[in-house]
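# Structure at a glance
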Amino acid sequence: MGNSINVAVMIKLEPDLSEGNVSYNPDGTLNRSQTRSILGAHSAIASRAAFYSKVLYDSNIKVCTMGPPTADVALKQSMEICNADELHLYSDRLFAGADTLGTAEAVKTGIERMGSIDLVISGHRAVDGETGQTGPQTAWKLGFNFLGNVIGYSIDTETRTLHAKRLIEMQGLYNVLEELECPLPALISIDPSYKERYTTVSQRLKYVRLQKEAAARAQNYKQFFKIWTAKDLGVDPKYVGLPGSPTIVYKVERIPKAKASRKAKVIDSSNADELNDLGKKLLEMVNSKG
Amino acid sequence: MKYQHLFVCFEHDDGNPLSVSFEMLGEARRLIDDFNKKYSLDEKVIAIILGHNIRSLCSEAIQAGADGVIFSDHPELRYPKIVIDTKIISSIVRDRKIVSEAAQNTSPDYIKPRYMFFGADSIGRHLSSTVLAELESGLASDVNKLVIDDVIITHEHKTKGKAEKYEKTLFMYRPDFSGFLWTQILCLDNKNPELSREYSPQAGSIIPGVFQPLKKDATRKGKIVEYEPTFSGRDLKIRITKREVLKSEIPLEDKKAVVAFGRGIKDSPETNIRLIEQLAKQLGAEVAISLPLSKQPYKVSESIKSTYFIPARVVGTSGKKISPKLYIAIGISGAVQHIVGMKESDFVVSINSDLNAPIKDESDVFIHGRLEDVLPALIDSIGKLKGGK
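### Side note on the overall build of chain A
Across its full length, chain A carries seven helices and 13 strands. Principal axes of the C-alpha set define a box for chain A whose edges measure 75 × 50 × 40 Å. In chain A, which comprises 290 residues, the proportion classed as buried is 49%. A separation of at least 24 residues holds for 73% of the contacts in chain A among residues at least 6 apart in sequence.

### Considerations on the overall build of chain B
When helices and strands are counted, chain B shows 10 helices and 18 strands. Its C-alpha atoms give chain B principal-axis dimensions of roughly 80 × 50 × 40 Å. Across the 389 residues that make up chain B, the buried fraction comes to 53%. Long-range pairs, those at least 24 residues apart, make up 67% of the contacts in chain B between residues at least 6 apart in sequence.

### As for the pairing of strand E15 (residues 286–289) of chain B
All names here are of chain B. By the alternation rule, side chains of E15 split into Glu 286 and Ala 288 and Val 287 and Ile 289, which are all buried. Relative to E15, strand E14 (residues 257–261) runs parallel, the two being bridged by four bridges. Across the sheet, the residue bridging to Val 259 is Val 287, located in E15. The handedness of the E14 to E15 crossover, carried by helix H6 (residues 269–283), is right-handed.

### Section: helix H3 (residues 100–113) of chain A
The end-to-end C-alpha distance of H3(A), which contains 14 residues, comes to 20 Å, matching closely the 20 Å that a straight helix rising 1.5 Å per residue would cover. Buried within H3(A) we find A:Thr100, A:Leu101, A:Gly102, A:Thr103, A:Ala104, A:Glu105, A:Ala106, A:Val107, A:Lys108, A:Thr109, A:Gly110 and A:Ile111.

### Some points on the interface of chain B and chain A
Each partner contributes to the interface: chain B provides 87 residues, whereas chain A provides 78 residues. For the side of chain B that touches chain A, the leading source of residues is strand E13 (residues 239–246) of chain B, giving eight residues. Partitioning the side of chain B that touches chain A into residue classes produces 41 nonpolar, 23 polar and 23 charged. Relative to strand E10 (residues 181–187) of chain B, strand E12 (residues 247–254) of chain A is paired through seven bridges, and the arrangement is antiparallel. The residue of E10(B) that forms the bridge with A:Ile248 is B:Leu186.

### Notes on the domain arrangement of chain B
Residue and element names in this part refer to chain B. Considered domain by domain, chain B is made up of domain 1 (3–237) and domain 2 (252–387). Placing a centre on the C-alpha atoms of domain 1 and another on those of domain 2 gives a separation of 37 Å. For the side of domain 1 that touches domain 2, a count of residues per class yields five nonpolar, four polar and no charged.

### Here's the deal with the sheet that holds strand E16 (residues 326–330) of chain B
The strand order across the open sheet built from six strands is E13(A)-E18(B)-E17(B)-E16(B)-E14(B)-E15(B), with neighbouring strands paired in parallel fashion. At either end of the open sheet lies a strand with only one pairing partner, and these are strand E13 (265–268) of chain A together with E15 of chain B. Here the average twist between neighbouring strands, direction ignored, is 20°. Where E14(B) lies against E16(B), five bridges are found, and the strand directions are parallel. Paired with B:Phe261 across the strands is B:Ile330, a residue of E16(B). The strands that H6(B) touches are E14, E15 and E16 of chain B; relative to E14(B), the one it contacts most, it runs at about 170°.

### Re the nonpolar core
Core analysis: the largest hydrophobic core is formed by 195 residues, its most contacted members being A:Val9, B:Val8, B:Ile48, B:Ile49, B:Ala61, B:Val259 and B:Ala260. Here the element with the most residues in this core is helix H1 (residues 41–57) of chain A; it accounts for nine residues. Both domain 1 (3–237) and domain 2 (252–387) of chain B contribute no fewer than three residues apiece to this core. Residues contacting B:Val8, with those up to four places away along its chain left out, are B:Met24, B:Leu25, B:Ala28, B:Val45, B:Ala47, B:Ala66 and B:Phe117.

### Considering the sheet that holds E12(A)
The strands that make up a sheet are held in pairs by hydrogen bonds between backbone atoms, and each pair lies either parallel or antiparallel. Taken in spatial order, the four strands of this open sheet run E12(A)-E10(B)-E9(B)-E8(B), and their pairing is antiparallel. Sheet topology places E12 of chain A together with strand E8 (145–154) of chain B at the edges, where each strand pairs with a single neighbour. On average, adjacent strands in this sheet sit at an angle of 35° to one another, irrespective of strand direction.

### Focus: the environment of B:Ser350
All names here are of chain B. Tracing the chain through its elements places Ser 350 in strand E17 (residues 347–352). Under the C-beta neighbour-count criterion, Ser 350 is labelled buried, with 27 such atoms within 10 Å. The sequence separation of Ser 350 and Arg 96 amounts to 254 residues, and the corresponding C-alpha distance is 54 Å.

### Here's the deal with the pairing of strand E8 (residues 161–170) of chain A
Regular strands place their side chains on alternate faces of the sheet. Residue and element names in this part refer to chain A. In terms of burial, E8 is largely enclosed, as seven of its 10 residues are buried. As paired strands, strand E7 (residues 145–156) and E8 are joined by six bridges and run antiparallel to one another. Each residue of the ladder has a partner; that of Ile 155, found in E8, is Leu 162. Counting the residues that bridge the hairpin from E7 to E8 gives four residues, and of these Arg 160 lies at a positive phi of roughly 55°. Relative to strand E9 (residues 174–183), E8 runs antiparallel, the two sharing 10 bridges. Residue pairing in the sheet places Met 170 in a bridge with Tyr 174 of E9. As consecutive antiparallel partners, E8 and E9 are separated by three residues, and within that stretch Gly 172 has a phi angle of approximately 90°, a positive value.

### Quick word on the packing of H6(B) against helix H10 (residues 371–387) of chain B
Residue and element names in this part refer to chain B. Taken N-terminus to C-terminus, the directions of H6 and H10 make an angle of 30°; their axes are 10 Å apart at the nearest point. Judged on the interaxial angle alone, H10 and H6 are roughly parallel. Here H6 runs over H10; the crossing is left-handed. Contact residues: H6 offers Asn 272, Leu 275, Ile 276, Gln 278, Leu 279 and Gln 282, while H10 offers Leu 371, Glu 372, Leu 375, Pro 376, Leu 378, Ile 379, Ile 382, Gly 383 and Lys 386. Tallied by class, residues from the contact of H6 with H10 come to nine nonpolar, four polar and two charged.

### A look at helix H7 (residues 272–287) of chain A
Under the 1.5 Å per step criterion, the end-to-end length of H7(A) is 23 Å for 16 residues, consistent within 8% with the ideal 22 Å. Of all the positions in H7(A), only A:Leu275, A:Leu278, A:Gly279 and A:Leu282 are classed as buried. Viewed end-on, H7(A) has its buried residues packed into an arc of 105°, placing them on one side of the element. Summarising the geometry of H7(A), the exposed residues directed more than 90 degrees from the buried face are A:Asp273, A:Glu284 and A:Asn287. At its buried positions, H7(A) is contacted by E13 of chain A together with H6, E16, strand E18 (365–368) and H10 of chain B.

### Comments concerning unusual backbone geometry
Omega for the bond connecting A:Leu184 with A:Pro185 falls within 30 degrees of zero, at 5°, which places this linkage in the cis form. With respect to the helices and strands, A:Pro185 occurs in the loop between E9 and strand E10 (186–190). The peptide bond linking B:Ser200 to B:Pro201 adopts the cis configuration, its omega dihedral lying at 5°. At A:Asn83, a residue that is not glycine, the phi angle is positive and equals roughly 55°. Assignment of secondary structure puts A:Asn83 in the loop between helix H2 (72–82) and strand E5 (86–90).

### Concerning the packing of H2(A) against helix H5 (residues 201–219) of chain A
Residue and element names in this part refer to chain A. Packing of H2 against H5 brings their axes to within 7 Å, and their N-to-C directions diverge by 160°. One element, H2, and the other, H5, form an angle in the roughly antiparallel class. In the crossing of H2 with H5, the sense of the turn from one axis to the other is right-handed. Contacts from Lys 76, Met 79 and Glu 80 in H2 reach Ala 214, Ala 215, Arg 217 and Ala 218 in H5. A breakdown of the residues in the contact of H2 with H5 according to their chemical character gives four nonpolar, no polar and three charged.

Calculation rules
- Residues numbered from 1 in each chain as written.
- Chains lettered and ligands numbered in written order.
- Predicted model: local features only at pLDDT ≥ 70, side-chain atom pairs only at ≥ 80, totals over all residues.
- Helix = DSSP H or I, 4+ residues; strand = E, 2+ residues; numbered from the N terminus.
- Buried ≥ 20, exposed ≤ 12 C-beta atoms within 10 Å, placed from the backbone.
- Contact = placed C-beta atoms within 7 Å.
- Pairing = 2+ DSSP bridges.
- Right-handed = clockwise from strand over helix to strand, strands pointing away.
- Expected span 1.5 Å × (residues − 1).
- Nonpolar A, V, L, I, M, F, W, Y, C, P; charged D, E, K, R; others polar.
- Domains from an automatic or database assignment.
- Axes fitted to C-alpha atoms, helices over the stretch in contact; angles between N-to-C directions.
- Core = buried A, V, L, I, M, F, W, Y, C linked by C-beta atoms within 7 Å.
- Parallel < 35°, antiparallel > 145°, perpendicular 65-115°, else oblique.
- Left-handed = near helix turned anticlockwise from the far one by under 90°.
- Arc of directions from axis to C-beta.

What follows is the structure, given as structure tokens:
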């Protein structure tokens, strides 16, 4: 198995923002107590990307997350997608309140404890925090090459080279599609538009077989599951959790209403005449030159 | 002084500057001018530019507000590459010699920047993360307001529960994902004697389109200095093998009219989107969405999902900034992230059942009502007008 590829996936337990599950307060903010938590949408895509490596390269997959004990749900859901071989939860009150640097320190140490890892896969960003910083910071702390916004990848297992496609938005200019190669080990963060292709019949058959296996494994996920405390990981408490976080959340406030930039004419939906006039105006507007 | 100056990581693609670069420089100039006045100091705004054949960008950065520019010019740096860019930027900001060439009043005990800005986009989001991991300091992402002030902090870990004064603190405001809450992020030293540690620079990634660039001033003077980068063989093994500039699949920017929808479609997404499609067709408009919709929160047919719930249609900070002649916002409440993308439109019509929705303040016409009632009526009247031609 000299050519085997060992994969780690970093995931996160996040509020479920899908309709029917998410609950908002009357003021438009998220009602956290009424919104359940699940495997984050981007973590699910990262898990899918890891499964690709299982089907193509028979990878061993270890999924990890830092979070409360209830984050095992997210690990189980990831296992259903990627047929993970091991699930690691880094859970300790010492980790609580960490910013991205404090989180990256714990996750980096966890990944180092996994033994030899060739490829780490992370999601694009969390739907709640939305920073997108933890993946690249973990890569940097590991000393791994980092590629973000990856929409597709393959691995040359002989030369141990990663081939990746990235989609980069040059905001205000254009988008760029980039193809890169880089030596393993590497950490990639997966773009929301990631797509995998199973091109041969044998890949598709294997896909189906391994999906079945994943479903069965997830039923008994506890067998594959391990909790690590700060002590188990051997991290320095000074570098994780609140003490290891340079930043604090100083204040959370409602965004004050900006000064109205336009004075809206208000039309009530029951006013057929005014709606009619508006329709006419809109048509004129789009038909006029210039 | 160990920590000095505000460094701006200037973004461009092969010499084409991204507008966020000028926006960051504009805000940096305003902040540092106030800072120098308030604290009777003379700190500088320094732009860092990595690339190939980028001399003209250096002058542009000076004209846009920088006091000094430190650049590296090398064929390997032509396109953004995170690993070598991180190493070079981190080396530059820790190199007292090069920093004092760009800013002559740099103190003899200078170690690192005081403040640092990046763009909150495809380049800066990741680059800021790795640079700050290397510099071991704090980073706030997606910032849309900045204030420098002194503050008294009492914090369990930072100050061991004692009240401590933090001077020249950068208050970094970021809107949360709902767009209704503002979180103030501060990067603070650990003054707790048991955990004593200094965190500098205080860094943030800045949302594109928020801050005003300065008017270009060709008479502005500044120091431009070159930094000779060194590469390790390992870094050069990351190679770009192909690069292609894409035209947007959804030409929102070129359209005269754009019809956008948001979470207000939730009661019957499929039916409502069909109505929106119809209205867009009547007006020759392209269809856009607000960010939450790109996360595919509703169960709809596969064709609707793949046609509409896609990032390429998003208007706002995480999508496109557009300025069509006519913008119709249907069931969009008007979170700040969305407003940034559409506020330059000529004429704005919004349809919303909530009379207090913030979108009203950005609208020329606000139709108060359920979109299920308004859309059929509007489509019907436009249909008759068109038919009657």
